[in-house]
Each structure stands twice: as structure tokens, then as C-alpha cells.
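# Overview (structure and organization)
Chain by chain, the residues run as shown.
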Amino acid sequence: MAPLSSLLTVALATSASAFSVQSAIKPSVRTETKLYENFGFDFAEDQVENTPQIILGEANYKKWVNSVDPNNMLNRQYPVLSRVRELGLLEKNCGAWSSL
């Protein structure tokens, strides 16, 4: 039984080191990378040529959607937790698992 307990001790010691804070590692500095929606391919369409400037980019698109319809689903905060509680989804899910 001693080899099994020593093996378990070694396994726990080595796995615990994976979760420790490593102060010797310096945070990497992100370089400026230019990203394209066409992934750099020549045959893909260029979004700047085919998209109106007012909706080009996520922030501009969200502003434009708000100007068209202030009560839109894109910018609305959906109360996920309260809806889960109202619909009783957790109880239904637990009930489905308990019947298996």
C-alpha cells in the first residue's frame, strides 16, 4: 500500500504546481497586428468596398442600430438569470436527469 500512497502524493504535488503563481514569467507585450476580415486572401471581398462607412465596425454598427430602433435586441441587456428562474429551467433540467 505504501507505493500507491507515495505515487498519489507525487501526483498531487506535481499537479498542484500547475496552479501556482509563476512570478518569473514576464507578461508578453502584444504587438500591433493588423487584422482583416478577408484573412489576407486576394480572392475574398473587401469589407471597406462593400459596406457603408456608417456601419463599418462593431461600435459604429451598434450606434446605427440604436438610431434606427432604440428598442433593439442587439444592445439590450437580457436578464438571463431571472429568466432561468422564472421559467424554472434548473428544476426542469434536474428533473430530467433524476428520471434517468
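Computed from a predicted model, the values in this text were never measured in an experiment.

Now for the overall build of the protein. Looking only at helices and strands, one finds five helices and zero strands in the protein. Ordered by position from the N terminus, the helices and strands of the protein form the series α-α-α-α-α. Per-residue burial over the protein gives 5% buried out of 100 residues. Of the accessible surface of the protein, which amounts to about 9800 Å², a share of 63% is contributed by carbon and sulfur atoms.

Here we take up a nonpolar patch on the surface. Together, Ile54, Tyr61, Trp64, Val68 and Leu74 line one region of the surface with nonpolar side chains, adding up to about 470 Å² of accessible area. With respect to the helices and strands, Val68 occurs in helix 3 (residues 58-68). On the basis of relative accessible area, Val68 is assigned to the exposed category, the value being 54%.

Our focus in this paragraph is the environment of Asn38. Turning to its location among the elements, Asn38 is positioned in the loop between helix 1 (2-17) and helix 2 (47-50). Not counting residues within four places of it along the chain, the set of residues in contact with Asn38 comprises Ala44 and Glu45.

Confidence in the prediction for the protein averages 78 pLDDT; 71% of positions are at 70 or higher. The spread of mean pLDDT over the elements of the protein runs between helix 1, the lowest at 66, and helix 4 (residues 80-87), the highest at 93.

What counts and what doesn't
- Residues numbered from 1 in each chain as written.
- Predicted model: local features only at pLDDT ≥ 70, side-chain atom pairs only at ≥ 80, totals over all residues.
- Heavy atoms only, no water.
- Helix = DSSP H or I, 4+ residues; strand = E, 2+ residues; numbered from the N terminus.
- Buried < 20%, exposed > 50% of the residue type's maximum accessible area, 1.4 Å probe, protein only.
- Areas by Shrake-Rupley, 256 points an atom, 1.4 Å probe, with all protein chains shown as cover.
- Patch = residues over 30% accessible without salt bridge, like charges linked within 9 Å, V, L, I, M, F, W, Y side chains within 5 Å.
- Salt bridge = Lys/Arg side-chain N within 4 Å of Asp/Glu carboxyl O.
- Contact = heavy atoms within 4.5 Å.
- pLDDT = per-residue confidence, 0-100.

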